[in-house]
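# Summary of structural features
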Amino acid sequence: MSKLFSQNCLLFFKRFLLIFFFYQLCRIGFYFYNAHLLDPWDLKVFIGGVRFDLAALGFINIGFALLHLFPGKFQSNKGYQKFLFYSFFLVNIFFLCLNYVDYEYFKFIGRRSSYAFITASGMEQELPGLLKNFIFDYWWIPLFMFLSFLFFWLIYRKINFKIKNSRFNIKDTIITILVVGIMLVLGRGGVQPKPIRLVDASQYGGLKNTALVLNTPFSVLKTMGKSENLEEVHFYTDTELDKIFNPVQEFRYDSINKKNVVLLIVESFGRETMNRGLTPFMDSLAQNSHFFENAFANGKVSIDAVPSSISSIPSLMNRTFISSSYALNDVYTLPKVLKEYGYHTAFFHGAFNGSQNFDQYANVAGFEEYYGKNEYEGPEAFDGAWGIFDEEFLQFYAKKLDEFKKPFFTTLFTISSHSPYTIPDRYKGKFPKGQADIHESIAYADHALKKFFETAKTKDWYNNTIFIITADHTCAEPQEEEWKTNVGKFRIPILFLAPGDTNMTTEKVEKNFQQIDILPSLMDYLQINTKVVTYGKSYKSDKDFVVNYLDNIYNYEKGDYYLAFDGKKTLGLYNWKKDPLLKQNLMNTEVAKRNEMEKFIKAYIQSFNHRVKNNQLTIK
């Protein structure tokens, strides 16, 4: 091997080793920054982290390996070596700094960011304001990025390379192919039949530490350019499948119960925030409504809540349904079904029009009207980042309901309890600060709901309306261990309030309930004659299951039990009510329960993947 080629090998190895070392520093920082949300670090986590770091770096740097090592006179060109020097630095430092984004956003989404999240898909209009707030509110994140940039540069520039003559030869070419081959093996995570996937992180980190094992560049690269192609699975024949789980449900009644419907989706209003002095109004509503004590979200981000709540479609993909290639599938939605019965339908969201593609999905879902920041009429109430403060927008909403033809079905999504958690200046110091940054804005959102209901009670449509309140997802900053598990991460309040209807009981319901149960529940409550495809169940049903998905793990609750399933096999079985911290894995001791639950979740996944992939979410 030529001396120059030896120098090239050594140069590339030193540069690769340096960026690998900085990935380890990023992981250490991620752990200490989010230690309150993670399990303790152990050797297994470290080994898994090394594997995923090498996979990301192998993929990112396979081209640089070829450029550094392929022999030829061009290697002696000063301009060529400068190009290698700066391009290796800029590309690798860019991907390295993606890790810092998740230092903070892991608290919100419970996993490493995907390509769609990093590129703010669906939030293009809010991006300038949100970016400004992110830089000011979390100034230490840009600081971490800058320090990494600086320290990496200071060390990187000391890796010297002396240019000497070079020429093409077969021996060095073979070694180049060998090194590139090693990079390819690293990039696919080993020599196993299939490249490592995001879900494989669970082998090293358990249920809570998958994000610690992973790195953000790997997550972004794995999801980049992908339009969420669901995998067809064949656990059962069609006949067997229908016996285990059939999403087709039929509702038959002699007459319709033509109540108005108000669906309120409250931003980040996790179950944990209630009964802490932050939400006195919601706490009182829970005591005077049909309140689901064990209610769950079907996703971890706001954009998942809309298809779950109005279309009964769970979020069982790494990409949200609204922004996936399946967003235009034919689906049963509340506005479409109710429009056939004379309901006027409208969707309200106080953010910029176009935010999170809600206006687009509202149109696809069949809402007749959309009201966003552009349509708002009332006192000046822009929060400087997202849109209109909750109090003013809810009052605007109440005014529009007065104008609508009856009966109506409307959905409103609040915004104020979203980062940067801005509340109006006039309320500064009025609400409890709580223990987390979000708590003051949660208290403000509770106040805004109270003012809305005070206004609604004065309207003639109030006693002929069923109000449904749900959160989009849980609070981003859980304070107690119980709310950090794969069960606690999804627990939200859901309640039904029908002021003029004595048939709607006032009680605390222990049965497991989820956002996708809202559609079939309304079919039952409003006594709609229809047949629909729904992955939920009615509030009148005896069924007691919940299914959601996070970090490539299917979470299935039935009664007191929780099953973690990775799509192929069970990872854990827990009695989440007796063991809320999920410390005692029962999968090898309660085998009958594991087999029973595994049978259902396999059927559920098979049905969902097949119907979504083949556009069979309606009955043709």
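Calculation notes
Residues numbered from 1 in each chain as written. Predicted model: local features only at pLDDT ≥ 70, side-chain atom pairs only at ≥ 80, totals over all residues. Heavy atoms only, no water. Helix = DSSP H or I, 4+ residues; strand = E, 2+ residues; numbered from the N terminus. Rg over C-alpha atoms; globule rule 2.2 N^0.38 Å. Buried < 20%, exposed > 50% of the residue type's maximum accessible area, 1.4 Å probe, protein only. Areas by Shrake-Rupley, 256 points an atom, 1.4 Å probe, with all protein chains shown as cover. Lys, Arg positive; Asp, Glu negative; His and termini not counted. Charge placed at Lys NZ, Arg CZ, Asp CG, Glu CD. Axes fitted to C-alpha atoms, helices over the stretch in contact; angles between N-to-C directions. Parallel < 35°, antiparallel > 145°, perpendicular 65-115°, else oblique. Left-handed = near helix turned anticlockwise from the far one by under 90°. Contact = heavy atoms within 4.5 Å. Pairing = 2+ DSSP bridges. 1 Å grid on protein atoms, 1.4 Å probe; cavity = no way out; pocket = protein on both sides within 12 Å on 5 of 7 lines; lining within 4 Å. Points joined across faces, edges and corners; volume = space filled by probe spheres on them. Nonpolar A, V, L, I, M, F, W, Y, C, P; charged D, E, K, R; others polar. Salt bridge = Lys/Arg side-chain N within 4 Å of Asp/Glu carboxyl O. Polar contact = N/O pair within 3.5 Å; in protein donor to acceptor, adjacent residues only side chain to side chain. Core = buried A, V, L, I, M, F, W, Y, C linked by side-chain atoms within 4.5 Å. Phe/Tyr/Trp six-rings, centres within 6.5 Å; stacked < 30°, edge-to-face > 60°.

### Details of the overall build of the chain
When helices and strands are counted, the chain shows 19 helices and 16 strands. Compactness check: the chain gives a C-alpha radius of gyration of 27 Å against a globular reference of 25 Å for 620 residues, within 12% of the reference. By residue count, 62% of the 620 residues in the chain fall in the buried class. Put simply, the chain shows about 25000 Å² of open surface, and 56% of that area lies on carbon and sulfur atoms. Here the chain carries 70 positive and 63 negative side-chain charges, and the mean point of each set is 10 Å from the other.

### Examining the packing of helix α16 (residues 390-403) against helix α17 (residues 439-456)
Relative orientation of the contacting elements α16 and α17 amounts to 25 degrees, with a least axis distance of 9 Å. Looking at the two axes, α16 sits roughly parallel to α17. Considering how the two elements wind past one another, α16 and α17 form a crossing that is right-handed. Along the contact surface, α16 presents D390, E391, E392, L394, Q395, Y397, A398 and L401, while α17 presents Y444, A445, H447, A448, L449, K451, F452 and T455.

### A few points about the pairing of strand β8 (residues 465-471)
In terms of burial, β8 is a largely internal element, seven of the seven residues being buried. Neither face of β8 is open: one carries T465, F467, I469 and A471, the other I466, I468 and T470, and all of them are buried. Note: strand β2 (residues 260-266) against β8, seven bridges, orientation parallel. Of the residues in β8, the one forming a bridge with I265 is T470. Here four bridges tie β8 to strand β9 (residues 494-497), and the two strands are oriented antiparallel to one another. Across the sheet, I469 pairs through a bridge with L495, a residue of β9.

### Details of empty space enclosed by the protein
For the structure shown, the criterion picks out ten cavities of 30 Å³ or more. Put simply, the largest cavity is a space of about 90 Å³. In terms of lining residues, the largest cavity is bounded by L37, F106, K107, G110, K300, T474, C475, A476, P478, W483, K484 and K489. Of the residues belonging to the lining of the largest cavity, the class tally is six nonpolar, two polar and four charged. As for the second largest cavity, its lining consists of R111, R112, S114, L198, L214, S219, T223, N318, D551 and N552. When grouped by side-chain class, the residues that make up the lining of the second largest cavity number two nonpolar, five polar and three charged.

### Examining the side chain of K300
Of note, K300 is situated in the loop between β4 (295-296) and α13 (302-311). D472 is the oppositely charged side chain nearest to the buried, salt-bridge-free K300, at an N-O distance of 9.1 Å. Only 2.9 Å separates the side chain of K300 from the side chain of T474, close enough to count as a polar contact.

### Notes on unusual backbone geometry
Residues K406 and P407 are joined by a peptide bond in cis, for which omega reads -5 degrees. Along the chain, S419 connects to P420 via a cis peptide bond; the corresponding omega equals 20 degrees. Along the chain, P420 falls in the loop between β7 (408-413) and α17. Located in the positive-phi region is N552, a residue other than glycine, with phi close to 70 degrees. Mapped onto the secondary structure, N552 falls in the loop between β13 (545-550) and β14 (553-558). Residues other than glycine seldom take positive phi values, yet L582 does so here, at roughly 55 degrees. On the basis of relative accessible area, L582 is assigned to the buried category, the value being 12%.

### Some details on the nonpolar core
The biggest cluster of nonpolar side chains holds 187 residues, and the ones touching the most others in it are L264, F452, F453 and Y604. For this core, the element with the most residues is helix α3 (residues 78-109), which contributes 14 residues. Among residues more than four places away in sequence, those in contact with Y604 are F245, P314, L316, I516, Y535, F545 and V547.

### Considerations on the packing of aromatic side chains
Counted according to the given criterion, the structure contains 71 aromatic pairs. Ring centres 5.3 Å apart and planes at 75 degrees place the aromatic pair Y31 and F32 in the edge-to-face group. When its relative accessible area of 15% is taken as the criterion, Y31 is described as buried. Accessibility expressed as a relative area gives 62% for F32, which makes it exposed. Both rings, one in F64 and one in F88, keep their centres 5.4 Å apart while their planes meet at 70 degrees; by these two values the pair is edge-to-face. A residue pair is termed long-range when its members are at least 10 positions apart, and F64 in helix α2 (residues 43-69) and F88 in helix α3 qualify at 24 residues. Judged by relative accessible area, F64 falls into the buried class, the value being 9%. By relative accessible area, which is 0% here, F88 ends up buried.

### Some thoughts on the sheet that holds strand β16 (residues 570-575)
Read from one edge of the open sheet, four strands run β13-β14-β15-β16, paired in antiparallel fashion. Here the strands that pair on one side only, and so sit at the sheet edges, are β13 and β16. Sheet twist, expressed as the mean angle between neighbouring strand axes with direction ignored, is 15 degrees. With five bridges connecting them, strand β15 (residues 561-565) and β16 associate as antiparallel partners. Each bridged residue has a counterpart across the sheet, and for L563 the counterpart in β16 is L573. Packed on one face of the sheet, helix α19 (residues 591-613) meets β13, β14, β15 and β16 and runs near 55 degrees to β15.

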